[in-house]
Amino acid sequence: MRTLLIDTSTEILLVILAEEQATPEGVKPVILSLRYTKTGLNHAQRILEDLEALLEETETAPEQLTGIGCSLGPGSFTGLRIGLCTAKGLAEGWKIPLFGLDSLRAMAEVAALVQPTANYFLPVIDARKGRFYGQIFQKNTEGQLLPTSSPLDLLPSEYLRWQKENLVLCGYQPQLLQERLVEQQKWPTNWAIWRDSPEGQGVSWAKTLVHQLSSQESLSPWSGPKYLRPSEAEEAKT
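Each chain has its residues counted from 1, following the order in which its sequence is written. In view of the model being predicted, local features appear only for residues whose pLDDT reaches at least 70, and side-chain atom pairs are presented and counted only at 80 or more, with totals across whole chains, interfaces and linings using the full set of residues. To get the side-chain values, all heavy atoms of the structure are used, and hydrogens and water are removed first.

**With respect to the overall build of the protein**
This is how the line gets drawn: Secondary structure counts use DSSP, requiring at least four H or I residues in a row for a helix and at least two E residues in a row for a strand, with both numbered from the N terminus. In this description, contact between two residues means that some pair of their heavy atoms is separated by no more than 4.5 Å. The method behind every accessible area is Shrake-Rupley, applied with a 1.4 Å probe, and residues are considered shielded solely by the protein chains displayed.
When you go through the protein residue by residue, the secondary structure sums to six helices and 12 strands. Here the contacts in the protein between residues at least 6 apart in sequence split such that 65% fall between residues at least 24 apart. In the structure as shown, the protein presents an accessible area of about 11500 Å², 50% of it carried by carbon and sulfur atoms.

**Let's talk about helix 4 (residues 174-183)**
Two residues of an α-helix separated by three or four positions point the same way, owing to the 3.6 residues in each turn. Formally: Only protein chains enter the accessibility calculation, which uses a 1.4 Å probe; a residue whose area is less than 20% of its type maximum is buried, one above 50% is exposed, and one in between is partly exposed. Read the arc as the range of directions from the helix axis to the C-beta atoms.
Burial in helix 4 covers these residues: Pro174, Leu176, Leu177 and Leu181. An end-on view of helix 4 places all buried positions within 160° of arc, on one side of the element. Where helix 4 is buried, its residues meet strand 6 (120-128), strand 7 (131-134), strand 11 (167-171) and strand 12 (191-193). Residue glutamine 185 follows helix 4 closely and has a positive phi angle near 55°.

**Focus: unusual backbone geometry**
Geometrically, the link from glycine 73 to proline 74 is a cis peptide bond, its omega value of 0° lying close to zero. Secondary-structure assignment places proline 74 in the loop between strand 4 (65-71) and helix 2 (77-94). At glutamate 59, a residue that is not glycine, the phi angle is positive and equals roughly 55°. Within the element layout of this structure, glutamate 59 appears in the loop between helix 1 (47-57) and strand 4.

**Things to note about the packing of aromatic side chains**
Two aromatic rings, taken as a pair, are described by how far apart their centres are and by the angle between their planes. Definition in use: Two rings from Phe, Tyr or Trp (for Trp, the six-membered ring) form a pair when their centres are within 6.5 Å of each other. A pair whose planes differ by under 30 degrees is stacked, one over 60 is edge-to-face, and the rest are tilted.
One pass over the structure, following the stated rule, counts three aromatic pairs. With 4.8 Å between their ring centres and 45° between their planes, phenylalanine 77 and tyrosine 227 make a pair best called tilted. A residue pair is termed long-range when its members are at least 10 positions apart, and phenylalanine 77 in helix 2 and tyrosine 227 in the loop between helix 5 (198-213) and helix 6 (232-237) qualify at 150 residues. Overall, tyrosine 227 belongs to the partly exposed group, its relative accessible area being 30%. Residues tyrosine 159 and tryptophan 162 carry aromatic rings whose centres are separated by 6.3 Å and whose planes lie at 40° to one another, so their mutual orientation is tilted.

**Here's the deal with the environment of leucine 98**
Locating leucine 98 in the fold gives a position in strand 5 (residues 98-101). The sequence separation of leucine 98 and glycine 67 amounts to 31 residues, and the corresponding C-alpha distance is 5.8 Å.

**Topic: the packing of helix 1 against helix 2**
Threshold: Only the stretch in contact is used when fitting a helix axis, every axis being a line fitted to C-alpha atoms; angles between N-to-C directions are given from 0 to 180 degrees. Convention used here: angles under 35 degrees read as roughly parallel, angles over 145 as roughly antiparallel, angles from 65 to 115 as roughly perpendicular, and any remaining angle as oblique. Crossing handedness is defined as follows: a turn of the near helix away from the far one that is anticlockwise and smaller than a right angle gives a left-handed crossing, while the clockwise case is right-handed. When residues are sorted by character, Ala, Val, Leu, Ile, Met, Phe, Trp, Tyr, Cys and Pro go into the nonpolar class, Asp, Glu, Lys and Arg into the charged class, and all the rest, Gly among them, into the polar class.
Running from N to C, helix 1 and helix 2 point in directions that differ by 45°, and their axes come no closer than 11 Å. When the axes of helix 1 and helix 2 are compared, the pair comes out oblique. Where helix 1 crosses over helix 2, the two elements pack in a sense that is right-handed. On the side of helix 1, the interface is formed by Ile47, Leu48, Leu51 and Leu55, while helix 2 contributes Ile82, Gly83, Thr86, Leu90 and Trp94. In the contact of helix 1 with helix 2, the residues fall into seven nonpolar, two polar and no charged.

**Observations regarding the nonpolar core**
Using the following cut-off: Within this scheme, the nonpolar core is defined by two criteria: the residues are buried Ala, Val, Leu, Ile, Met, Phe, Trp, Tyr or Cys, and they are joined through side-chain atoms within 4.5 Å.
Grouped together as the largest cluster of nonpolar side chains are 20 residues, with contacts concentrated most on Leu4, Ile6, Val15, Ile47, Leu51, Ile68 and Leu98. Of all elements in the fold, only strand 1 (2-7), strand 2 (12-23), helix 1, strand 4 and helix 2 reach the threshold of two or more residues within this core. By residue number, the principal contributor to this core is helix 2, which donates five residues. The contacts of leucine 4, once residues within four sequence positions are left out, are Ile16, Leu17, Leu51, Leu54, Leu55, Leu65, Gly67, Ile68, Gly69 and Trp94. By size, the runner-up hydrophobic cluster in this structure holds 16 residues, among which are Phe132, Leu167, Leu177 and Leu181.

**Quick look at helix 3 (residues 103-114)**
This is how it is decided: How far a helix is expected to stretch is found by multiplying one less than its residue total by 1.5 Å. Whenever two N or O atoms come within 3.5 Å, that pair is a polar contact, provided that in protein one can donate a hydrogen and the other can accept it, and provided that, for residues adjacent in sequence, both atoms are side-chain atoms.
Over its 12 residues, helix 3 extends 17 Å from the first C-alpha to the last, a length consistent with the 16 Å expected when each residue adds 1.5 Å. When helix 3 is considered as a whole, its buried residues turn out to be Ser103, Leu104, Ala106, Met107, Ala108, Val110, Ala111 and Ala112. Its side-chain oxygen placed 3.1 Å from the backbone nitrogen of leucine 104, aspartate 102 serves as the N-cap of helix 3.

Here's what the structure looks like:
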């Protein structure tokens, strides 16, 4: 099972070719090729080039692919549209299913792997305008992450309502939220922060995104990104 994965929810363009392979421990995702590029949200200039390079590097023909996974958000309005439109076009052209992926959950799952003693995880994405997208996850007794909030679009101080012990701030650029709270002298001393290197984070995200595919239903052609607030263009119309 070879799958293309696309994450355009942040200013990092992440494109991955992964394959599920049988091992003595069971079926596990293997990253065949990965590109992790900081485009500054200009994903349209690189996404097709990077996807083509992945297929060439691994000598993969489109008919060998069994699906495409694409992040649905929350995240950059433009980035999400570019990623989903690209994924829809390829899935339609190659006649393979398209799956939606949850970047916030993937970020939390990555942090949970390296922070096994933590109970709560708060993955965040810079939402601009001084706000952050985030979601609270709690680890149950079986080690599974369960959402205890819906995806959020909040000011830094509004996240302080979750004064949890063993909470790990994680995700893409979690230090930005930490910096805002420190500036306001509101950083909770019982919070921890974790951020992997970009390369390591890319590999970790890829593995968790591949695992997400096993429980996802394919998207319809009319599915759209998960926006938490109107875009600037939509706000201008009101």
